[in-house]
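Per-entry structural report
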Amino acid sequence: MNETDIRKYAGLMKELGLTGLEITEDNKMVRLERSAPVSSNEAVYSPYEPVAQTAVEEKDYISVKSPIVGVFYGAPAENADPYVSIGDHVEKGQTLCIVEAMKLMNEITVEEGGVISEVRVTDGQVVEYGTELFRIRRQEYE
């Protein structure tokens, strides 16, 4: 593999927002890695204004993160209604979205009931392992 190929792959990584890429060619393996860019222009859908996070706020919310690298889809099909919307009540085990990885559709479910307060990614966005997908306000039981 020559320098031109490596530069081409590095450009592809930047274009797709990837932080890692491994290529095997002619029994030789090259792994490219870069730190995730921090961009204030990154699209995050939220009807709420950003607020400073506090310890109290953190315990009131569940952060649902991507368990895999893939493409986020909020609905089961292109023209279908989304699995969940902001304000929806969700129960443990309910499907929130799909993350497609290597042509496999992986359903992401909620582990605790609550109310969807934020959708942190957009449909069709490439997500990394650990990317926050949803914030869910915990249900209060009396």
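Because the structure is predicted, anything quoted here is derived from the model rather than measured.

Examining the side chain of Gln-125
Examined against the element boundaries, Gln-125 turns out to sit in the loop between strand E8 (114–119) and strand E9 (126–127). There is a polar contact of 3.0 Å between the side chain of Gln-125 and the backbone nitrogen of Thr-122.

Overview of the sheet that holds E8
With respect to topology, 4 strands assemble into an open sheet ordered E3-E10-E8-E5, the strand pairing being antiparallel. Lying at the two open borders of the sheet, with one neighbouring strand each, are strand E3 (61–65) and strand E5 (89–90). Across 2 bridges, the pairing between E5 and E8 is antiparallel. The partner of His-89 across the bridge, within E8, is Val-115.

Examining the packing of aromatic side chains
Evaluated as defined, the whole model comprises 1 aromatic pair. Judged by centre distance (6.0 Å) and plane angle (55 degrees), the rings of Phe-72 and Phe-134 are tilted. Here Phe-134 lies in strand E10 (residues 132–138) and Phe-72 lies in strand E4 (residues 70–73), a separation of 62 residues in the sequence. We classify Phe-72 as buried; its relative accessible area is 3%. By relative accessible area, which is 2% here, Phe-134 ends up buried.

Concerning the environment of Asp-81
Positionally, Asp-81 belongs in the loop between E4 and E5. Beyond its immediate chain neighbours, meaning those up to four positions away, Asp-81 contacts Ala-75 and Pro-76.

Some points on the confidence of the model for the protein chain
Averaged over every residue, the pLDDT of the protein chain is 80; residues scoring 70 or more account for 81%. The least confident element of the protein chain, judged by mean pLDDT, is helix H2 (residues 55–60) at 62; the most confident is E5 at 94. Of the regions scoring below 50 in pLDDT, residues 38–56 engages in 19 contacts with residues more than four places distant in sequence or in other chains.

Examining the pairing of strand E1 (residues 20–25)
Where E1 meets strand E2 (residues 28–33), 6 bridges bridge the pair, whose relative direction is antiparallel. Residue Glu-22 lies in a different strand from E2, and its bridge partner there is Arg-31. A loop of 2 residues connects E1 with E2, the two strands running antiparallel in sequence, and Asp-26 in this loop sits at a positive phi of about 55 degrees.

Some words on the nonpolar core
Formed by 17 residues in total, the largest nonpolar core has its most connected members in Leu-96, Ile-116, Leu-133, Phe-134 and Ile-136. Residue assignment for this core shows that the elements contributing at least two residues are E3, strand E6 (95–101), E8 and E10. Here Leu-96 is in contact with Val-64, Gly-74, Tyr-83, Val-84, Val-90, Ile-108, Thr-109, Val-110, Ile-116, Phe-134 and Ile-136, once residues within four sequence places are set aside. If you look at the next biggest cluster of nonpolar residues, it comprises 7 residues, including Met-13, Leu-18, Leu-21 and Ile-23.

What counts, and where the lines are drawn
Residues numbered from 1 in each chain as written. Predicted model: local features only at pLDDT ≥ 70, side-chain atom pairs only at ≥ 80, totals over all residues. Heavy atoms only, no water. Helix = DSSP H or I, 4+ residues; strand = E, 2+ residues; numbered from the N terminus. Polar contact = N/O pair within 3.5 Å; in protein donor to acceptor, adjacent residues only side chain to side chain. Pairing = 2+ DSSP bridges. Phe/Tyr/Trp six-rings, centres within 6.5 Å; stacked < 30°, edge-to-face > 60°. Buried < 20%, exposed > 50% of the residue type's maximum accessible area, 1.4 Å probe, protein only. Contact = heavy atoms within 4.5 Å. pLDDT = per-residue confidence, 0-100. Core = buried A, V, L, I, M, F, W, Y, C linked by side-chain atoms within 4.5 Å.

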